[in-house]
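# Tertiary structure, described
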Amino acid sequence: MNIESLKITPEILTLIAEIDEFKGAWRALGQLAPEQLSSLKKVATIESIGSSTRIEGSKLTDKEVEVLLSNLEIQKFETRDEQEVAGYSSVMNLIFQSYADIPLSENYIQQLHSVLLQHSEKDYWHRGNYKKSPNHVEAFDAQGKSLGVVFETASPFETPIRMRDLVEWAAQAYADKKLHPLLITAIVVVEFLAIHPFQDGNGRLSRVLTTYLLLRVGYHYVPYSSLEAVVEQSKEGYYLALRQTQGTLKNESPDWQPWVLFFLRALRHQKKRLEAKVEQENLLLTQLPQLSLQILQLVKSRGKATISDIVTVTGANRNTVKKHLEALVDTNRLQKNGVGKGTWYSL
């Protein structure tokens, strides 16, 4: 994978810094009330499933998706749209529950493809198997009119080789940590879509893999805000960025910029949507002082902490720590336990 032509511009650095700042704030404040987290996740999941399937031509609204998801136990889906929604729901639930136990490998990518298409009757013959016929990508507008071929994908002969190289490169790049994980993820997604390894379901699977990879590298807020909804809202820009970068992948110096910028801007939009939802519930996730965030992270990692513990770890003044603790207790972010010298704090 030739990534030497990837220019790390000031905008890219700013976008990464903004996303990572939110990642840190979410980690520190991950003790939101279970019912609040559950509500955010439910809404985001419905949006993600609806948007990702509509990008590929489904006509189901988010409301229709919600109704369908509430009746998944019927296990009988009459239309292709319903079958795609049910499969996407299954694979997303698998990712949310087991991402830490799913290694990045060709075998598991193929298994995810099988789950994604498990309810699709017309796809039973190729589930989990690399393509046997060419499958160049065509885009359609909201009325179903063709926008033309977006890009030419890898041949069936090339596909196993390129998939092996991609997975090996990604595993090594994440392990080496020489390139930021968001940039690695962006490159994996654009290359996966350029290969288009399966006969069908590649677009949906690329978005599943995006969520999986982001969770694997610590972006644990992802299930609570739909990246797929952001992509659907900027569908033309999505296809344009893919086309601009993928048209150069066979060059000696690929132009990664269009796709990387689109990807990072979409991630920033995703986290901004979550910030807005959090603020609506008066959680004010990112507005705490840095010392308060440090205190919350310390208490979360240890289970409990005393004032002395916090002073030792943060190096902050004892009286300053007390003021921050009082504010955190007053806003129900921390609980004060015990009295006097035996006082300690927990979530």
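Residues numbered from 1 in each chain as written. Predicted model: local features only at pLDDT ≥ 70, side-chain atom pairs only at ≥ 80, totals over all residues. Heavy atoms only, no water.

By the naming in an unreviewed UniProt entry, the protein is Fic family protein, taken from Sediminibacterium ginsengisoli.

## What about helix 6 (residues 159-176)?
The condition that has to hold: Runs of E in the DSSP output that reach at least two residues are strands. Runs of H or I that reach at least four are helices, and both are numbered from the N terminus. Under the convention used throughout, the expected extent of a helix is 1.5 Å for every residue step, that is, one less than its residue count. Partly exposed describes any residue whose relative accessible area lies between the buried limit of under 20% and the exposed limit of over 50%, with all areas from a 1.4 Å probe on protein chains only and scaled to the type maximum. Directions pointing from the helix axis toward each C-beta atom define the arc. By definition in these notes, contact holds between two residues if any of their heavy atoms fall within 4.5 Å.
Under the 1.5 Å per step criterion, the end-to-end length of helix 6 is 25 Å for 18 residues, consistent within 8% with the ideal 26 Å. Of the positions making up helix 6, those classed as buried are T159, M163, L166, V167, W169, A170, A173 and Y174. The buried residues of helix 6 occupy an angular sector of 165 degrees when projected down its axis, which confines them to one face. On its buried face, helix 6 sits against helix 5 (106-116), helix 7 (181-195) and helix 8 (202-216). Trailing helix 6 by a residue or two, K177 shows a phi angle of about 60 degrees, which is positive.

## What about unusual backbone geometry?
Positive phi is not limited to glycine here, since K177 has a value of about 60 degrees. Of the residues examined, K177 reaches a relative accessible area of 70% and is grouped as exposed. Of note, H196 is a non-glycine position whose phi angle comes to about 55 degrees, a positive value. Here H196 is to be found in the loop between helix 7 and helix 8.

## Observations concerning the packing of helix 4 (residues 80-98) against helix 5
How we decide: For helices, the axis comes from a line fit to the C-alpha atoms of the stretch in contact; other axes are also lines fit to C-alpha atoms, and the angle between any two N-to-C directions lies between 0 and 180 degrees. For classification purposes, an angle smaller than 35 degrees is called roughly parallel, one larger than 145 roughly antiparallel, one from 65 to 115 roughly perpendicular, and anything else oblique. Ten residue types, Ala, Val, Leu, Ile, Met, Phe, Trp, Tyr, Cys and Pro, are classed as nonpolar, four, Asp, Glu, Lys and Arg, as charged, and the remainder, Gly among them, as polar.
Across the interface, helix 4 lies against helix 5 with an axial gap of 7 Å and an inter-helix angle of 140 degrees. When the axis of helix 4 is compared with that of helix 5, the two are oblique. Each of G87, Y88, S90, V91, L94 and I95 in helix 4 lies in contact with helix 5, whose residues at this interface are L112, V115 and L116. Of the residues that constitute the contact of helix 4 with helix 5, the class distribution is 7 nonpolar, 2 polar and no charged.

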